[in-house]
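Chain by chain, the residues run as shown.
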Amino acid sequence: MTSTRPLSLVTGGSSGIGFELAAQFAEHGYDVAISGRSERVFASADRLTKLGVEAYAYQGDAATFEGVEGFWEFTLSQGRPVAAAALNVGIGRGGAFVDNTLEDEFAIIAVNITGTVHMAKRVVQHMVRNGDGKILIVSSVSATTPTPFETVYGPSKAFGYSFAESIREELRGTGVSVTALLPGATNSDFHANAGMGDTKYGDNSWKNDKTEVARQGFEALMNGEDHVVGGDEATKQVVIDNRTIPEAVKAAHHAKGARPNQRR
Ligand SMILES: NC(=O)c1ccc[n+]([C@@H]2O[C@H](COP(=O)([O-])OP(=O)(O)OC[C@H]3O[C@@H](n4cnc5c(N)ncnc54)[C@H](OP(=O)(O)O)[C@@H]3O)[C@@H](O)[C@H]2O)c1
């Protein structure tokens, strides 16, 4: 029999913050469709079904048109309206802009910007037609500061934050809400995947807990808040301070954490 639970989707839901967001949906009675690039997406979906819901796994590359469109069509093929969507997938790349390849920079833009716009277009049009829906766009505290040695990443996350707030305003009165989640540094595989293992950010021991970050994001999504900073009080204070600290000062501070060979 087809499930009668509401359906959610989480891009990049196979691990890290995305998996924890998917677990939040599952724990609150949503079935969940998750995507990932590697085969582990299938094992991750199995783990989610143990929370008592249906979980649907899609393996595809979010840096490509086919990968994004494929996940959307796969989600629709479950035969129910999408009630909530977390546009979470994102990648980084450590190192200096002068050294990194153009392909590396374009991959960040493809996943974090082009892919997010692509999935948002599908999700927004679907939800507005239904007059109902909740959208979470995962940005970052990096949206509030220049990010030297993650040169294209921070700007891509600033895009996500501004994009979320823009759509939110446009959708006022449609029944569809948009929330931005700005996690601080969080204990996932993100920095290792970004080749930043030898930086201060590569050390997971001091970072925010991914389960707590996802819980905060889910709660803000359910409450229809415009944004939430994911992490502890010190993380939230950074975002408050970043409103008034000059860009050049913030850039110098970020460089200390992201510069290669600086691990504490
Ligand atoms: N961790 C942090 O410190 C932090 C801080 C602020 C914001 N964020 C944001 O939070 C979001 C999630 O990050 P995370 O920390 O959970 O990262 P993560 O641990 O690296 O997990 C990334 C997830 O995205 C998937 N993914 C990566 N590239 C993909 C691609 N090309 N196609 C399809 N799936 C892909 C991965 O799937 P596979 O495992 O199959 O590759 C995985 O499920 C990102 O948008 C990131 O910018 C993270």
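Residues numbered from 1 in each chain as written. Predicted model: local features only at pLDDT ≥ 70, side-chain atom pairs only at ≥ 80, totals over all residues. Heavy atoms only, no water.

This brings us to the nonpolar core. Residues V10, L21, F25, V32, I34, L48 and L136 are the most contacted members of the largest nonpolar core, which totals 27 residues. Those elements giving two or more residues to this core turn out to be α1 (16–27), β2 (31–36), α2 (40–49), β3 (55–59), β4 (82–87), β5 (133–138) and α7 (210–223). Tallying contributions element by element places α1 first for this core, with six residues. Setting aside chain neighbours within four positions, we find L136 in contact with L21, A85, A86, L87, T179, A180, L181, G217 and L221. One finds V82, V124, M127 and I135 within the second-largest nonpolar core, a separate group that totals 26 residues. (Core = buried A, V, L, I, M, F, W, Y, C linked by side-chain atoms within 4.5 Å. Buried < 20%, exposed > 50% of the residue type's maximum accessible area, 1.4 Å probe, protein only. Helix = DSSP H or I, 4+ residues; strand = E, 2+ residues; numbered from the N terminus. Contact = heavy atoms within 4.5 Å.)

Another point: the site of the ligand. Not every one of the 32 residues close to the ligand is listed here, only the nearest: S14, S38, N88, Y153 and S188. Measuring from an oxygen atom of the ligand, one finds a backbone N or O atom of D189 at 3.3 Å. The separation between an oxygen atom of the ligand and a polar side-chain atom of N193 is 2.9 Å. For the ligand, the protein covers 96% of the area, taking 900 Å² as the surface of the free molecule. (Near = heavy atom within 4 Å. Polar contact = N/O pair within 3.5 Å; in protein donor to acceptor, adjacent residues only side chain to side chain. Areas by Shrake-Rupley, 256 points an atom, 1.4 Å probe, with all protein chains shown as cover.)

Another point: the packing of aromatic side chains. This structure, assessed with the given rule, holds eight aromatic pairs. Ring centres 5.2 Å apart and planes at 85 degrees place the aromatic pair F25 and F218 in the edge-to-face group. Of this pair, F25 sits in helix α1 while F218 sits in helix α7, placing them 193 residues apart in sequence. On the accessibility criterion, F25 (1% relative accessible area) is buried. Residue classification places F218 among the buried positions, given a relative accessible area of 4%. Look at Y153 and F190: their rings are 5.1 Å apart centre to centre, the planes differ by 50 degrees, and that puts the pair in the tilted class. Of the two residues, Y153 is situated in helix α5 (residues 153–170) and F190 in helix α6 (residues 190–193); the sequence distance between them amounts to 37 residues. Accessibility assignment for this pair places Y153 and F190 in one class, buried. Ring-pair connections join several aromatic residues into one group, and the members of that group are F25, Y30 and F218. Across the ring face of W206, the terminal group of K200 is positioned such that the distance to the ring centre comes to 5.4 Å. (Phe/Tyr/Trp six-rings, centres within 6.5 Å; stacked < 30°, edge-to-face > 60°. Lys NZ or Arg CZ within 6 Å of the ring centre and 35° of its normal.)

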